[in-house]
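# Inside the fold
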Amino acid sequence: MRATRLHSYGSPLKIEEIEYPRIEKPFDVIVRIAGAGVCHTDLHIIQGMWKDIARPKLPYTLGHENTGYVEEVASGVEGFEKGDPVILHPLITCGRCPACRAGEDMHCEKSLFPGLNVDGGFAEFMRTSHRSLIKLPRDIDRSKLVEIAPLADAGITAYRAVKKALKSLFPGSYVAVIGVGGLGHLGIQMLRILSQASIIAIDARDDKLELASKLGADYIVNARRDPVAEVMKITGGRGVNVAIDFFGGQATLDYGPRILGRMGRLIIVGYGGELRFPSTSIIALEISLEGSLVGNYIELRELVNLYLRGSIRVIHETHPLEDVNEVLERLERGEVRGRAVLVPHRS
Ligand SMILES: [Zn+2]
Ligand SMILES: [Zn+2]
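Predicted model, so just to flag it, every value in this text is computed and none were measured.

### Observations regarding the packing of aromatic side chains
One pass over the structure, following the stated rule, counts three aromatic pairs. Ring geometry for tryptophan 50 and tyrosine 271: centres 5.9 Å apart, planes at 85 degrees, overall edge-to-face. Of this pair, tryptophan 50 sits in the loop between α1 (40-47) and α2 (51-54) while tyrosine 271 sits in the loop between β13 (260-268) and α10 (279-285); the two residues are 221 residues apart in sequence, bridging distant segments of the chain. The exposure class of tyrosine 271 is partly exposed, given its relative accessible area of 30%. Look at tyrosine 174 and tyrosine 219: their rings are 6.4 Å apart centre to centre, the planes differ by 45 degrees, and that puts the pair in the tilted class. Of this pair, tyrosine 174 sits in strand β9 (residues 174-178) while tyrosine 219 sits in strand β11 (residues 219-222), and the two are 45 residues apart along the sequence.

Have a look at this one:
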């Protein structure tokens, strides 16, 4: 089968023929990939940022945002059969550790992360486990299955952060969405339907801000002007109740804490930069700085249901596997509108 693999850090991915993944454990499932979203984390992986954290053995296949059809199930798997359309929670979890018992899949002590430390979905087929699968309606269009691939990572990551934000959002509150990319464009839609706060979208690109307005942002701020001054003007000098930083680069982390009001919360989702902020301000305003990591299985189920009800849509573009390096370059330049999804099979 064809797969898109990382052979060495800092080099483009290679498209090559590799062996079809084998069933190894009693709860393994082989999925025929319908859509595999391309994420900023893929860029970070190639740059080597995850080398010492995920410790994958090279070469391996990237892709951690996947949907597809069940192709083959191991002997212990019940309730799934060949042809079932599925979306994959990104982690393979053990189900027995304290975090798994608490439903917090991302903190499983024995997890595997396809696309980060074992073979992922930039391929015709991939192996996962039955605990990671959410079955979709049998008659779902293949094009919809491709469209919702980004919910498996960008979507739940935005959703978990938004759910955390909701605790501090009431009518009259302000929430800032920093970065209107794959995650931010979904986050705005979720905030629109789940909260009554005014939404301020901040991005450095006008086309992304235009998209933010279309999706329901009440205010837009171009980050290349003075985002702190602009936000203070919009909020009458009070600052926002919550800011969600979907980018997490140095530029956004430098202004993110400075747009918060009293008891404001900065929820950091994107990563790569370093946070520097005076502790005096943290205390004086009683602000909180929090991290948010992907999302759990239940959150993905809730999100899929929101999509199936028509409450959110995924702005996306599709590409064959062969285009992966070009897509990654465009993603790095900020040129992808919404999310790019790789489609390994032609039919
Ligand atoms: Zn990702
Ligand atoms: Zn576990």
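### Some thoughts on the sheet that holds strand β12 (residues 240-245)
Read from one edge of the open sheet, six strands run β11-β10-β9-β12-β13-β14, paired in parallel fashion. Only two strands of the sheet have a single partner each, and these edge strands are β11 and β14 (288-291). Averaged over all adjacent pairs, the angle separating strand axes in this sheet is 20 degrees, with direction ignored. Together, β12, β13 and β14 form the strand contacts of helix α5 (residues 154-166), whose direction differs from that of β13 by roughly 160 degrees. In the packing of helix α7 (residues 206-215) onto the sheet, contacts are made with β10 (198-203) and β11, and the angle to β11 comes to roughly 170 degrees.

### Thoughts on the coordination of the zinc ion (ligand 1)
Distances from the zinc ion (ligand 1) to its protein donors, Cys39 (SG), His64 (NE2) and Asp153 (OD), fall at 1.8 to 2.2 Å. Here the donor residues for the zinc ion (ligand 1) map to a single chain with the spacing C-x24-H-x88-D. With cysteine 39 in the loop between β3 (28-38) and α1 and histidine 64 in the loop between β4 (60-61) and β5 (66-73), this pair connects stretches of sequence that are 25 residues apart. Residue cysteine 39 is classed as buried on the basis of its relative accessible area of 6%.

### Focus: the layout of surface pockets
By volume, the second largest pocket is sized at about 820 Å³. Lining the second largest pocket are 34 residues, with Glu24, Lys25, Asp28, Leu112 and Arg127 sitting closest to its centre. The element contributing the most residues to the lining of the second largest pocket is strand β7 (residues 125-129), with five residues. In terms of residue class, the lining of the second largest pocket is built from 15 nonpolar, seven polar and 12 charged.

### Concerning the pairing of β12
Along any regular strand the residues' side chains alternate between the sheet's two faces. The buried fraction of β12 amounts to five of the six residues, a majority that puts the element mostly inside the structure. In this structure, β9 lies alongside β12, joined through four bridges in parallel fashion. The residue of β12 that forms the bridge with isoleucine 178 is aspartate 245. As paired elements, β12 and β13 share five bridges and run parallel to each other. Note that in β13 the partner of valine 242 across the bridge is arginine 265.

### Thoughts on the coordination of the zinc ion (ligand 2)
The coordination sphere of the zinc ion (ligand 2), as far as protein atoms go, consists of Cys94 (SG), Cys97 (SG), Cys100 (SG) and Cys108 (SG), spread over 2.3 to 2.4 Å. Taken together, the four donor atoms surrounding the zinc ion (ligand 2) define angles of 101 to 117 degrees at the centre, an arrangement classified as tetrahedral. Going along the chain, you hit the donors of the zinc ion (ligand 2) in the pattern C-x2-C-x2-C-x7-C.

### Here we look at the packing of α1 against helix α12 (residues 324-332)
For the pair α1 and α12, interaxial distance at closest approach is 10 Å and the crossing angle is 105 degrees. Classified by the interaxial angle, the pair formed by α1 and α12 is roughly perpendicular. Facing His40, Asp42, Leu43, Ile46 and Gln47 of α1, the residues of α12 in contact are Leu328, Leu331 and Glu332.

### Quick word on the environment of threonine 61
Position of threonine 61 relative to the elements: it lies in strand β4. By relative accessible area, threonine 61 is classed as buried at 1%. In the structure, threonine 61 is positioned 101 residues away from valine 162 in sequence and 30 Å away in space, judged by C-alpha atoms. Non-local contacts of threonine 61, meaning those with residues more than four positions away in its chain, are made with Ala3, Thr4, Arg5, Ile18, Gly115, Val118, Asp119, Gly120, Phe122 and Ala123. A polar side-chain atom of threonine 61 sits 3.1 Å from a polar atom in the side chain of arginine 5.

### Digging into the packing of α5 against helix α6 (residues 184-194)
It is at 9 Å that the axes of α5 and α6 come closest, and there the two elements cross at 40 degrees. With respect to each other, α5 and α6 are oriented oblique. Crossing of α5 against α6: the hand is right-handed. Counting all contacts with α5, which are made through Ala154, Gly155, Ala158, Tyr159, Val162 and Leu166, the residues of α6 involved are Leu186, Gly187, Met190, Leu191 and Leu194.

### Describing empty space enclosed by the protein
With the rule as written, the count across this model stands at one cavity of 30 Å³ or more. Of the voids in this model, the largest cavity is the one considered here, and its volume is about 50 Å³. In terms of residue class, the lining of the largest cavity is built from four nonpolar, five polar and no charged.

### A look at the pattern of salt bridges
Under the counting rule described, the total for this entry stands at 20 salt bridges. Here arginine 160 makes a salt bridge to glutamate 299, at a shortest N to O gap of 3.1 Å. In this pair, arginine 160 sits in helix α5 while glutamate 299 sits in helix α11 (residues 297-308), placing the two residues 139 residues apart along the sequence. You can call arginine 160 buried: its relative accessible area is 12%. Exposure remark for glutamate 299: the relative accessible area of 8% places this residue in the buried category. For arginine 330, the salt bridge identified is with glutamate 317, shortest N-O distance 2.8 Å. One end of the pair, arginine 330, is in helix α12; the other, glutamate 317, is in strand β15 (residues 316-319), and 13 residues separate them in sequence. Given the relative accessible area of 18%, glutamate 317 is considered buried. Linked by salt bridges that have partners in common, Glu81, Asp84, Lys135 and Arg138 make up one network.

Parameters and conventions
Residues numbered from 1 in each chain as written. Chains lettered and ligands numbered in written order. Predicted model: local features only at pLDDT ≥ 70, side-chain atom pairs only at ≥ 80, totals over all residues. Heavy atoms only, no water. Phe/Tyr/Trp six-rings, centres within 6.5 Å; stacked < 30°, edge-to-face > 60°. Helix = DSSP H or I, 4+ residues; strand = E, 2+ residues; numbered from the N terminus. Buried < 20%, exposed > 50% of the residue type's maximum accessible area, 1.4 Å probe, protein only. Pairing = 2+ DSSP bridges. Axes fitted to C-alpha atoms, helices over the stretch in contact; angles between N-to-C directions. Contact = heavy atoms within 4.5 Å. Donors = N, O, S within 2.8 Å, 3.2 Å for Na, K, Ca; no water. 1 Å grid on protein atoms, 1.4 Å probe; cavity = no way out; pocket = protein on both sides within 12 Å on 5 of 7 lines; lining within 4 Å. Points joined across faces, edges and corners; volume = space filled by probe spheres on them. Nonpolar A, V, L, I, M, F, W, Y, C, P; charged D, E, K, R; others polar. Tetrahedral: all angles 85-135°; square planar, octahedral: opposite > 155°, others 65-115°. Parallel < 35°, antiparallel > 145°, perpendicular 65-115°, else oblique. Polar contact = N/O pair within 3.5 Å; in protein donor to acceptor, adjacent residues only side chain to side chain. Left-handed = near helix turned anticlockwise from the far one by under 90°. Salt bridge = Lys/Arg side-chain N within 4 Å of Asp/Glu carboxyl O.

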